[in-house]
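# Descriptive structure summary
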Amino acid sequence: MRADPIWLGQVLLNLLTNASAYSPPESTIAVTVAAQHGWVEVQVQDQGPGIPPGEQAHIFSPYVRGRAGRQARCTGLGLGLHIVQTLVRLHGGTVGVRSTPGEGACFWFRLPALGLGPAPRQLACGPIWRS
């Protein structure tokens, strides 16, 4: 796939940080990568509390934190998944979540395989947000 390595690294860092924050200590976080149907898909599966269906539709919105995060008093502003979604879309991809409460969450993103679809927009290295 064609992707900006810095921004792709930020996507993975955000997904792995979330998985770690919501998973019990010593649990496994699985990362898988597969190419299929013209896409490269990356999945990050945790063993946390999961996300109720009503929250899944809003989880990528800015400043949104799920009930589990509020109850666990996880730190953060609720911007990590919004940043993930923004960066993946800038690369011509899609992002989503599959989750059943009590069974963890699987966050995934797909980017066009090399040679398929539009080239990602030119992304400048630098801060995502400035004060």
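Residues numbered from 1 in each chain as written. Predicted model: local features only at pLDDT ≥ 70, side-chain atom pairs only at ≥ 80, totals over all residues. Heavy atoms only, no water.

Here we take up the sheet that holds strand β1 (residues 30–36). Pairing is antiparallel in the open sheet, where 4 strands are placed in the order β1-β2-β4-β3. On the outer flanks of this sheet lie β1 and β3 (94–99), each paired with one strand and no other. Looking at each pair of strands side by side, their axes are set apart by 20° on average, direction ignored. Together, β1, β2 (39–45) and β4 (105–112) form the strand contacts of helix α1 (residues 5–22), whose direction differs from that of β4 by roughly 170°. (Pairing = 2+ DSSP bridges. Helix = DSSP H or I, 4+ residues; strand = E, 2+ residues; numbered from the N terminus. Axes fitted to C-alpha atoms, helices over the stretch in contact; angles between N-to-C directions. Contact = heavy atoms within 4.5 Å.)

Okay, the confidence of the model for the protein next. The share of residues in the protein with pLDDT of 70 or more is 79%, and the mean pLDDT across the chain is 84. In the predicted structure, residues 122–131 sits below a pLDDT of 50 and forms 12 contacts with residues beyond four places in sequence or in another chain. (pLDDT = per-residue confidence, 0-100.)

Residue placement: D4 occurs in the segment before α1. Residue classification places D4 among the buried residues on the basis of a relative accessible area of 16%. (Buried < 20%, exposed > 50% of the residue type's maximum accessible area, 1.4 Å probe, protein only.)

Along helix α4 (residues 80–90), the positions that sit buried rather than exposed are L81, V84, Q85, L87 and V88. If you follow the buried residues of α4, they end up packed against α1, β3 and β4. Downstream of α4 by one or two residues, G92 has phi in the positive range, about 80°.

Look at E26: it is not a glycine, yet its phi comes out positive at around 65°. Looking at the element boundaries, E26 is found in the loop between α1 and β1. One non-glycine residue with positive phi stands out, namely Y63, at about 65°. As for its position among the elements, Y63 is in the loop between α2 (53–56) and α3 (67–72). By relative accessible area, which is 60% here, Y63 ends up exposed.

The next thing to look at is the pairing of β4. Within β4, 7 of the 8 residues are buried, which leaves it mostly tucked inside the rest of the structure. The sheet contact formed by β2 and β4 spans 7 bridges and is antiparallel. Each residue of the ladder has a partner; that of Q43, found in β4, is W108. Where β3 meets β4, 6 bridges bridge the pair, whose relative direction is antiparallel. Note that in β4 the partner of T94 across the bridge is R110.

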